[in-house]
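If you want the building blocks of each chain, they are given just below.
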Amino acid sequence: MLSDLEKARYARHFLLPGWDEECQKKLKNTTVFVAGAGGTGSPTITMLALLGVGKIRICDFDVFEESNKNRQFLHSISDERLGMNKAMSAAKTVYSINPNVRVEYFTDKFTEDNIDDIVGDADYIFDCVDKFKYKFILADCAVRKRIPMFFYGIMGYDFFGYIFYPPKTACFNCLFDKEKI
């Protein structure tokens, strides 16, 4: 059920053809896992919160640094969050953007051994990490859990993204060879 405040907050969503309160409730009942709260994680997490996703699980072991300010707006451009863990900082921002979104954050590195537990009951995985080692771990988890993985990347001036959802699409490992990267 949507509260009156949520109905007011998402009123513009309801103007979209085919989008109604039932669609918004479905989004409210969705859980997503976002790996990485940096350059690609900032817009991803922000938009998920603005859209009204019900629960966002955020994992990032890194801290916010001066060199991140120009592209990681999720953490504020002021100095107050310098040195703060990015997952914790992201959770703080999500609460200020949309208090209806529940957030769980994880400050440790995910590994092959703990990824299934950290992803938990997520319906989707958003890959916003910058190292292929971790992308392969996320991809394998998505296949095991049979959930879609949204893969983002920035190389130089190029931004790219893919949605992997085997067996409906090719898998991450079909596109990238673990042995060659």
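Residues take numbers from 1 onward in each chain, read along the sequence in its written order. pLDDT decides what is reported in this predicted model: residues at 70 or higher carry local features, side-chain atom pairs at 80 or more are listed and counted, and totals for whole chains, interfaces and linings draw on all residues regardless. Only heavy atoms go into the side-chain values, all of them from the structure, while hydrogens and water stay out.

Colleague: When you look at empty space enclosed by the protein in this model, what are you seeing that I'm missing?
Modeller: By rolling a water-sized probe across the atoms, one finds the places where empty space is left. Here a cavity means grid points, on a 1 Å grid over the protein atoms only, where a 1.4 Å probe fits yet cannot get out; a pocket means an open set of points with protein on both sides within 12 Å along at least five of seven lines; lining residues are those with an atom within 4 Å of a point. Grid points are joined across faces, edges and corners, and a volume is the space filled by probe spheres set on the points. Under the defined criterion, the tally for this structure stands at one cavity of 30 Å³ or more. Considering the residues around the largest cavity, the lining is formed by A139, A142, V143, M149, F164, P166, C171, F172 and N173. Sorting the residues of the lining of the largest cavity by element identifies α6 (132–145) and α7 (172–175) as the ones contributing at least two each. For the lining of the largest cavity, the element with the highest residue contribution is α6, accounting for three residues. Under the scheme applied here, ten amino acids are nonpolar (Ala, Val, Leu, Ile, Met, Phe, Trp, Tyr, Cys and Pro), four are charged (Asp, Glu, Lys and Arg), and all others, including Gly, are polar. Considered class by class, the residues forming the lining of the largest cavity number eight nonpolar, one polar and no charged. Segments assigned H or I by DSSP are reported as helices when at least four residues long, segments assigned E as strands when at least two residues long, and all are numbered from the N terminus.

Colleague: Explain the pattern of salt bridges to me, please; I cannot follow it from the model alone.
Modeller: Where charged atoms from two side chains of opposite charge come close, those side chains can pair. Here, a salt bridge means any Lys or Arg side-chain nitrogen found within 4 Å of an Asp or Glu carboxyl oxygen. Counted by the stated rule, this structure contains 13 salt bridges. Note that K69 and E66 form a salt bridge whose closest N and O atoms lie 3.4 Å from each other. The partner of D79 in a salt bridge is K69, with the nearest N and O atoms 2.2 Å apart. Of this pair, D79 sits in the loop between β2 (55–59) and α4 (86–97) while K69 sits in the loop between β2 and α4; the two residues are ten residues apart in sequence, bridging distant segments of the chain. On the accessibility criterion, D79 (47% relative accessible area) is partly exposed. Salt bridges linked by common partners bring K55, R57, E104 and D121 together as one network. Under the scheme applied here, a residue whose accessible area is under 20% of the maximum for its type counts as buried, over 50% as exposed, and between as partly exposed, the area being computed with a 1.4 Å probe on protein chains only.

Colleague: What is the right way to read the nonpolar core from this model?
Modeller: Nonpolar cores are built from buried Ala, Val, Leu, Ile, Met, Phe, Trp, Tyr and Cys residues. Side-chain atoms within 4.5 Å join them into one set. Counting residues in hydrophobic clusters, the biggest one holds 24 residues, and the most contacted among them are F33, F110, I125, L138, M149 and F172. Elements that contribute at least two residues to this core include exactly β1 (31–35), α5 (115–119), α6 and β5 (149–155). Element by element, the count of residues in this core is highest for α6, at eight residues. In contact with M149, other than residues within four places in its own chain, are I125, D127, K135, L138, A139, A142, Y162, I163, F164 and F172. Counting residues in each nonpolar core, the second largest holds 21 residues, with L48, A49, F150 and Y152 among its members. Residues count as neighbours in contact if any of their non-hydrogen atoms are within 4.5 Å of one another.

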